[in-house]
Amino acid sequence: MPISRRQLAASLLAAMHIAERHVIAAFVADVATQPAPNPFPQTSAGAVRQVWRQRAAEFRSFAIEAAGLTCLLATVSDLSVDEELMQEILRAGPYTANVFHRGDGCRIVGAVLYGKPGVGLPVIFASKPRREVLRPRLDHLRTAGQLDLFG
């Protein structure tokens, strides 16, 4: 049974060991992000370690920005090389996210979000809490400094 983007995003937010989890989770949750063809959904920690160390070198060479790569490499280097992992691949425009979990979509091992060469990471705008949206904007009163009684 495939794992929903919503579940992956929630699991990413709970993965405290991933420094850029908020950016990656927002990308995964975005409506434009869709699952991509995944020729090798089942993999191992050893394979992930080998592939992503190579990609890290390629990313540096081609000036490709990536979020989560350092955390992924740190985590898989602590795992047994034969530990089974599942990979989810998601894309939107020039961006790709690879998410690795232990098979249930909940226990995230690591995730990497990257773009094409020369393309920066997507800008993710955090949604405002509902009470902020409902509160009237008084910025014009705060920035005026002095009331204009004759205007």
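A short tour of the structure in this document, coming up. (Residues numbered from 1 in each chain as written. Predicted model: local features only at pLDDT ≥ 70, side-chain atom pairs only at ≥ 80, totals over all residues. Heavy atoms only, no water.)

Further remarks concern the packing of helix α3 (residues 45-61) against helix α4 (residues 69-77). Two numbers describe how α3 lies on α4: the axes approach to 9 Å, and their chain directions differ by 150°. It follows from the interaxial angle that α3 and α4 lie roughly antiparallel. Remark: the crossing between α3 and α4 carries left-handed chirality. Residue-level inspection shows Ala45, Val48, Arg49, Trp52, Arg53, Ala56 and Phe59 of α3 in contact with α4, the latter providing Leu69, Leu72, Leu73, Val76 and Ser77. Considering only residue class, the contact of α3 with α4 consists of 9 nonpolar, 1 polar and 2 charged. (Axes fitted to C-alpha atoms, helices over the stretch in contact; angles between N-to-C directions. Helix = DSSP H or I, 4+ residues; strand = E, 2+ residues; numbered from the N terminus. Parallel < 35°, antiparallel > 145°, perpendicular 65-115°, else oblique. Left-handed = near helix turned anticlockwise from the far one by under 90°. Contact = heavy atoms within 4.5 Å. Nonpolar A, V, L, I, M, F, W, Y, C, P; charged D, E, K, R; others polar.)

Moving on to the layout of surface pockets. Looking at the largest pocket, its volume works out to about 250 Å³. In this structure, the largest pocket is lined by 16 residues; those nearest its centre are Val51, Arg55, Gln87, Ile89 and Asn98. Only α3, β4 (84-92) and β5 (95-101) provide two or more residues apiece to the lining of the largest pocket. The element that contributes the greatest number of residues to the lining of the largest pocket is α3, accounting for 5 residues. (1 Å grid on protein atoms, 1.4 Å probe; cavity = no way out; pocket = protein on both sides within 12 Å on 5 of 7 lines; lining within 4 Å. Points joined across faces, edges and corners; volume = space filled by probe spheres on them.)

With that settled, the discussion passes to the packing of helix α1 (residues 5-14) against helix α2 (residues 21-29). Where α1 meets α2, the axes come as close as 8 Å, and the angle between the chain directions of the two elements is 175°. Of the possible angle classes, the one that applies to α1 and α2 is roughly antiparallel. Along the contact surface, α1 presents Arg5, Leu8, Ala9, Leu12 and Leu13, while α2 presents Arg21, His22, Ile24, Ala25, Val28 and Ala29.

Turning to the pattern of salt bridges, a few remarks are in order. Under the defined criterion, the tally for this structure stands at 2 salt bridges. When the shortest N-O distance is used, the salt bridge between Glu83 and Arg102 registers 2.8 Å. Within this pair, whereas Glu83 is found in the loop between α4 and β4, its partner Arg102 is found in the loop between β5 and β6 (108-114), the two being separated by 19 residues in sequence. Arg107 is the salt-bridge partner of Asp104, the closest N and O atoms lying 3.1 Å from each other. Residue Arg107 is classed as partly exposed on the basis of its relative accessible area of 46%. (Salt bridge = Lys/Arg side-chain N within 4 Å of Asp/Glu carboxyl O. Buried < 20%, exposed > 50% of the residue type's maximum accessible area, 1.4 Å probe, protein only.)

Here we come to α2. Of the positions making up α2, those classed as buried are Arg21, Ile24, Ala25, Phe27 and Val28. Axial view of α2: buried residues confined to an arc of 160°, hence all on one face. Packed against the buried residues of α2 are α1, β3 (66-67), β4, β5 and β6. (Arc of directions from axis to C-beta.)

By secondary structure assignment, the location of Arg49 is in helix α3. Buried and unpaired, Arg49 has Asp78 as its nearest opposite-charge partner, separated by 7.7 Å. Within the structure, the side chain of Arg49 is placed 2.9 Å from the backbone oxygen of Leu79, a separation counted as a polar contact. Once residues within four sequence positions are removed from consideration, Arg49 is found in contact with Leu73, Val76, Ser77, Leu79 and Val81. (Lys, Arg positive; Asp, Glu negative; His and termini not counted. Polar contact = N/O pair within 3.5 Å; in protein donor to acceptor, adjacent residues only side chain to side chain.)

Of all the 7 residues making up β6, 7 are buried; the element is thus mostly covered by neighbouring parts of the structure. Two strands pair when backbone bridges link them, and β3 and β6 are joined in this way by 2 bridges, in the antiparallel orientation. Directly across from Ala67, in β6, lies its bridge partner Leu113. Strand direction decides the pairing type here: β5 and β6, joined by 6 bridges, are antiparallel. (Pairing = 2+ DSSP bridges.)

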